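One letter stands for each residue in the lines below.
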Amino acid sequence: MIGAALSPAPLASIEGAIEFILSPQNSNVTGGKKVGGFDQVVELAVNQIELTLLALALSLLVALPIGLYLGHRGTGELFATVIGNAGRAVPELALIAFMATAIGVGVLNLTIALAVLGVPPILANTFVGIHQVDRASVDAARGIGMTEFEVLRKVEIPLAIPTIFAGIRGATIAIVATATIAPLAGVLTLGDFIINQNVYGDNGVLAGAIVVALLALALEFSLAGLQRLLTSRGLKLSSA
Amino acid sequence: MAVAMLSALALTLGVAACGSSDDDTGTTAGNEGGGAIVSNPDNAKVSLKIGSKNFPEQEILGEVYAQALQAAGYKVKTDLNLGSETVALQTLKSGQISGYPEYASTALTSFFGLEPEDVPADAQGAYEKAKAEFEKEDLTAFPPTPFSSANAVGTLTKTAEKYGLETISDLEGQSEKMTLYGSPECRQRIDCLAGLEKYYGLKFKSFKPVDIGLRYTVLEKGQADLSIVFTTDPQLAAEKDKFVILEDDQEVFPAGNVIFVTKKSVAEKAGPDFEKTIVQVQEGLTLPVMQELDARVELEKQTPKEAAAAYLESAGYTG
């Protein structure tokens, strides 16, 4: 019942949170050892990014091929949308606990659990993006002798890039934000600051939230940059 | 399986009952304790409302005290749904409840600002410290229960046998090969991993944070060699051949014995039977008995009321 004890801590402030991020602070439950500080924040942030990228990679591996195939064939709309909607309602903690009895806790468990969040938006957006490409363009491509694979690669995917990337960006935000629960399943991420108010204090909780938000923004900007690189020049000009 | 477990529970409660009445007849005389609670007609004009926090162990304790006081002749009501210790203390101070059970360690750290490191690991020391603090606020703390609800290092019985582990000190020289799992907060806390490292000088192969709901799963899965559990976990009663806890021989984990807290004014008005009944009825609450009662409620889905009544009856306090 020690865990139930609330340690009296001053309310959080932005200044306090920034101090917590920059240099280690006192805690009243650690027996004198300081907590937080730049080194620890960086260590946990790196863990969080690694876990996010792993889960994102798995999501892409599963969702992209299925979305591209179904979108190109123009079938399975129901499947894609049902997965897209149902996947958003999965209770992550219950899923982690359920998998814990089968494969234990740790990186594998978390990667799968987080990928479950990432698959739906990528799958749904890929399907819709490919499916909604102007039929006239597709017919024209076939008319000049492209194979089905060439149609997909040279016409459909380039035209669907903005929609597909919207899905990937949504998935990434969901995964990086939810990776804060990883300390409940064997991996230390920035969630450690957020979950353990009685160790890190309210400033630690706020600091954790701030850094997670910054990570989400950084990933969002990186993906936006990647999207620009992958968009063909002709499309950029026409939309400008 | 369920039947076997139930009969095991009944057996332990029965044994505990014998133990407590033996102690009573052996060490105390007269009306100081032991045997059935005697109803005193003078108490009928006193109304008491017993509170507790809203999780199973607290609700069981609330019921045990409430039913015992009722047997002693008091008019008793309960409010066993207080959200946290801060809420419970406020409710007590404002007079909405007459008293409630609190863990000595929680009182000292949460109410009186002690660091976990400064909370005594022995029940009497922690009780006296808490009692002195409560008195400053015109509150009275009755003596502690035999059991302590605290963190503990748990492991599989077969692991304990393999490495020859009975106490935490036995881990010396072996912990480097072992993986310890605990709640995320455990890692930095001096009454958890930080204390094991500092006072026992132990180094573990690794510490993994995990949701407390998975503390036995990681042992069963073989992922964890050791796992931080709670002394009063029902699993320890229901599967006593499977899990063991290692004795905290260096006293790192603060004493979580329960002390019943009331207002001075309430205690005076209620008369001597108030404290006497509470001290008497908690004498049988040893660690195995508390584990059994928690198991009855959390695993066997009895109500706290039923579990408390069964305890009072089988220990010979009522019926």
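Residues numbered from 1 in each chain as written. Chains lettered and ligands numbered in written order. Predicted model: local features only at pLDDT ≥ 70, side-chain atom pairs only at ≥ 80, totals over all residues.

**Q** Before we move on, could you go through the overall build of chain B and cite the residues and values that matter?
**A** Per the secondary structure count, chain B includes 13 helices and ten strands. Expressed as a percentage of its 319 residues, the buried residues of chain B come to 54%. Counting only contacts in chain B whose residues sit at least 6 apart along the sequence, the fraction spanning at least 24 positions is 78%. (Helix = DSSP H or I, 4+ residues; strand = E, 2+ residues; numbered from the N terminus. Buried ≥ 20, exposed ≤ 12 C-beta atoms within 10 Å, placed from the backbone. Contact = placed C-beta atoms within 7 Å.)

**Q** So what about the domain arrangement of chain B? Which residues, and what values?
**A** All names here are of chain B. Here chain B is described as being made up of domain 1 (2-148 + 255-314) and domain 2 (151-246). Listed as interface residues are 15 residues of domain 1 and, on the opposing side, ten residues of domain 2. Tallied by class, residues from the side of domain 1 that touches domain 2 come to eight nonpolar, two polar and five charged. (Domains from an automatic or database assignment. Nonpolar A, V, L, I, M, F, W, Y, C, P; charged D, E, K, R; others polar.)

**Q** Got a sec to walk through the packing of helix α1 (residues 14-22) of chain A against helix α9 (residues 197-230) of chain A? Specific residues and values, please.
**A** All names here are of chain A. At their nearest, the axes of α1 and α9 sit 8 Å apart, and the two run at 75° to each other. The angle between α1 and α9 places the two elements in the roughly perpendicular class. On α9, the residues that touch Gly16, Ala17, Phe20 and Ile21 of α1 are Asn203, Gly204, Leu206, Ala207, Ile210 and Val211. (Axes fitted to C-alpha atoms, helices over the stretch in contact; angles between N-to-C directions. Parallel < 35°, antiparallel > 145°, perpendicular 65-115°, else oblique.)

**Q** I'd like a description of the pairing of strand β2 (residues 75-82) of chain B, backed by residues and values.
**A** Residue and element names in this part refer to chain B. Pairing between strand β1 (residues 47-53) and β2: six bridges, direction parallel. For Ser47, the partnering residue across the bridge sits in β2 and is Lys75. Note on the crossover from β1 through helix α2 (residues 56-71) to β2: the handedness is right-handed. (Pairing = 2+ DSSP bridges. Right-handed = clockwise from strand over helix to strand, strands pointing away.)

**Q** An account of the confidence of the model for chain A is requested, with residue identities and associated values reported.
**A** Residues and elements named next belong to chain A. Residues with a pLDDT of 70 or more make up 94% of chain A, whose mean pLDDT is 91. Within chain A, helix α2 (residues 38-73) carries the highest mean pLDDT (97), whereas helix α10 (residues 233-239) carries the lowest (69). For the stretch residues 1-9, pLDDT sits under 50, and the model shows 29 contacts to residues farther than four places along the chain or on other chains. (pLDDT = per-residue confidence, 0-100.)

**Q** I'd like to hear about the interface of chain B and chain A, residue by residue, with values.
**A** With 37 residues of chain B at the interface, the matching set in chain A holds 30 residues. Put simply, the parts of the chain that give the side of chain B that touches chain A at least two residues each are α3 (85-93), α4 (104-111), α7 (193-200), β7 (206-209) and α8 (217-220) of chain B. Looking at the side of chain B that touches chain A, the element that brings in the most residues is α4(B), giving four residues. By residue class, the composition of the side of chain B that touches chain A is eleven nonpolar, 16 polar and ten charged.

**Q** Just give me the short version of unusual backbone geometry, but keep the residues and values in it.
**A** Residue and element names in this part refer to chain B. At Asp138, a residue that is not glycine, the phi angle is positive and equals roughly 60°. Tracing the backbone through its elements, the reader meets Asp138 in the loop between α5 (123-136) and β4 (139-141). Since 10 C-beta atoms lie within 10 Å of it, Asp138 is described here as exposed. A positive phi angle is found at Lys301, which is not glycine, with a value near 60°. Tracing the backbone through its elements, the reader meets Lys301 in the loop between α12 (287-298) and α13 (304-314). Residue Lys301 is classed as exposed on the basis of its C-beta count, with 8 C-beta atoms lying within 10 Å.

**Q** Could you give me a rundown of the sheet that holds strand β6 (residues 179-182) of chain B, with the residues and numbers involved?
**A** All names here are of chain B. Sheet architecture is open: five strands sit in the order β7-β6-β8-β5-β9, paired in mixed fashion. Only two strands of the sheet have a single partner each, and these edge strands are β7 and β9 (243-246). Strand after strand, the sheet turns through a mean of 35° between neighbouring axes, direction not considered.

**Q** Quick rundown of the environment of A:Ile103? Include the residues and the values.
**A** Secondary-structure assignment places A:Ile103 in helix α4 (residues 92-103). Not counting residues within four places of it along the chain, the set of residues in contact with A:Ile103 comprises A:Leu108 and A:Asn109.

**Q** Can you tell me about the environment of A:Leu114, naming the residues and giving the values?
**A** All names here are of chain A. Looking at the element boundaries, Leu114 is found in helix α5 (residues 107-131). Considered as a pair, Leu114 and Tyr69 are 45 residues apart in the sequence and their alpha carbons are 23 Å apart. Residues within four places of Leu114 in sequence aside, it is in contact with Ala55, Ile175, Thr178 and Ala179.

**Q** Please give an account of the pairing of strand β10 (residues 258-263) of chain B that cites residues and values.
**A** Side-chain direction in a regular strand flips from residue to residue, so the side chains alternate between the two faces of the sheet. Residue and element names in this part refer to chain B. Burial of β10 is extensive: six of the six residues sit out of reach of the surface. Here β10 shows two buried faces, one formed by Val258, Phe260 and Thr262 and the other by Ile259, Val261 and Lys263. By the bridge criterion, five bridges tie strand β3 (residues 99-103) to β10 in an arrangement that is antiparallel. Of the residues in β10, the one forming a bridge with Tyr100 is Val261. Across three bridges, β4 lies against β10 in antiparallel orientation. Counted as the bridge partner of Ala141 is Val261 from β10.

**Q** Summarise the packing of α2(B) against helix α11 (residues 272-281) of chain B; cite the residues concerned and give the values.
**A** All names here are of chain B. Where α2 meets α11, the axes come as close as 9 Å, and the angle between the chain directions of the two elements is 125°. The angle between the axes of α2 and α11 places the two elements in the oblique class. As α2 packs across α11, the resulting crossing turns out to be right-handed. Here Val64, Tyr65, Ala68 and Leu69 of α2 lie close against α11, whose contacting residues are Thr277, Ile278 and Val281. Grouping the constituent residues of the contact of α2 with α11 by class yields six nonpolar, one polar and no charged. (Left-handed = near helix turned anticlockwise from the far one by under 90°.)

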